[in-house]
Amino acid sequence: MHCPFCRHPDSRVVDSREADEGAAIRRRRSCPECGRRFTTVETAMLVVLKRNGVTEPFSREKVMTGVRKACQGRPVDESDLAQLAQQVEEGIRATGAAEIASDRIGREILTPLRSLDEVAYLRFASVYCAFESLADFEREITGLRAARAAADADLDIELTDLATAGPPGPRGI
Ligand SMILES: [Zn+2]
């Protein structure tokens with residue numbers, strides 16, 4: 001591949017090693033023209049299988065577009081969306097799959113979106129999961145409240161740990 005510094009059309013691989021537990025190969029390259037070094041990472045292409053049987057490369061941009069609408073008027077900015085799209089891609093790659101059905105991507109979006117913004121999550125889930133009634137919303141909101149209560153309980157435990165961790169020395173005075 002060409003050198004990103006001087007655009008020389010060739011480069012030499014000087015080192016090559018596995019990364020991400022074998023999911024990627026990292027190559028250190030050197031440019032014979034300007035002598036500068038750069039790194040390339042090679043990963044398997046993540047492919048999306050559409051309902052009509054056509055495949056296309058996974059696109060973080062498309063994930064962001066899909067979620068952006070649900071985030072309208074919410075305190076969510078572009079970098080939040082970019083981070084969410086990255087989490088979605090990493091989540092799919094972590095399963096070891098090289099291909100994912102397009103209608104499963106929505107499911108991969110739900111969890112990170114829930115931690116990002118609960119209202120945006122409800123909007124997105126209502127479309128993706130085809131909510132049909134108030135009962136569907138109620139069930140989802142109950143789930144959100146339960147998750148939040150569980151998170152608060154975790155925090156309480158951490159705070160208790162901090163309180164009891166105190167400095168070493170005689171205790172129970
Ligand atoms: Zn160069």
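Residues numbered from 1 in each chain as written. Predicted model: local features only at pLDDT ≥ 70, side-chain atom pairs only at ≥ 80, totals over all residues. Heavy atoms only, no water.

Q: How should I be thinking about a negative patch on the surface in this particular structure?
A: A cluster of acidic side chains, namely D152, D154, D156 and E158, defines a negative patch on the protein surface. Assignment of secondary structure puts D156 in helix α5 (residues 134-165). Relative accessible area serves as the criterion here: at 47%, D156 is assigned to the partly exposed category. (Patch = residues over 30% accessible without salt bridge, like charges linked within 9 Å, V, L, I, M, F, W, Y side chains within 5 Å. Areas by Shrake-Rupley, 256 points an atom, 1.4 Å probe, with all protein chains shown as cover. Salt bridge = Lys/Arg side-chain N within 4 Å of Asp/Glu carboxyl O. Lys, Arg positive; Asp, Glu negative; His and termini not counted. Charge placed at Lys NZ, Arg CZ, Asp CG, Glu CD. Helix = DSSP H or I, 4+ residues; strand = E, 2+ residues; numbered from the N terminus. Buried < 20%, exposed > 50% of the residue type's maximum accessible area, 1.4 Å probe, protein only.)

Q: Explanation requested: the coordination of the zinc ion in the structure shown.
A: In a perfect tetrahedron of four donors around a metal, the angles come out at 109.5 degrees. In a perfect octahedron of six, they are 90 or 180 degrees. Here the zinc ion is held by the protein donor atoms C3 (SG), C6 (SG), C31 (SG) and C34 (SG), which lie 2.2 to 2.4 Å from it. Around the zinc ion sit 4 donor atoms, and with donor-metal-donor angles ranging over 106 to 117° the site reads as tetrahedral. Accessibility expressed as a relative area gives 2% for C31, which makes it buried. Residue C34 is classed as partly exposed on the basis of its relative accessible area, which comes to 34%. (Donors = N, O, S within 2.8 Å, 3.2 Å for Na, K, Ca; no water. Tetrahedral: all angles 85-135°; square planar, octahedral: opposite > 155°, others 65-115°.)

Q: Please clarify how the pattern of salt bridges should be interpreted in this entry.
A: Per the counting criterion, the structure on display carries 13 salt bridges. As a salt-bridge pair, R148 and E118 come within 2.4 Å of each other at their nearest N and O atoms. In this pair, R148 is assigned in helix α5 and E118 in helix α4 (residues 118-128), connecting sequence segments 30 residues apart. E118 gets classed as partly exposed once you look at its relative accessible area, which sits at 27%. Connected through shared salt-bridge partners, K50, E56 and K62 make up one network.

Q: Would you mind showing me how to read the environment of Y121 here?
A: Tracing the backbone shows Y121 in helix α4. Each C-alpha atom, one on Y121 and one on E18, is 37 Å from the other, the two residues being 103 residues apart in sequence. Not counting residues up to four positions away in its chain, the partners in contact with Y121 are L110, L113, R114, E140 and L144. (Contact = heavy atoms within 4.5 Å.)

Q: Just checking my understanding: could you explain the packing of helix α2 (residues 78-94) against helix α3 (residues 102-116) for this structure?
A: Helix packing geometry: the angle between the two helix axes and the distance between the axes. As a packed pair, α2 and α3 sit with axes 9 Å apart at the nearest point and diverge in direction by 130°. Comparing their axes, α3 and α2 come out oblique. The handedness of the crossing between α2 and α3 is right-handed. On α3, the residues that touch D80, L84, Q87, V88, G91 and I92 of α2 are I105, E108, I109, P112, L113 and L116. For the contact of α2 with α3, a count of residues per class yields 8 nonpolar, 2 polar and 2 charged. (Axes fitted to C-alpha atoms, helices over the stretch in contact; angles between N-to-C directions. Parallel < 35°, antiparallel > 145°, perpendicular 65-115°, else oblique. Left-handed = near helix turned anticlockwise from the far one by under 90°. Nonpolar A, V, L, I, M, F, W, Y, C, P; charged D, E, K, R; others polar.)

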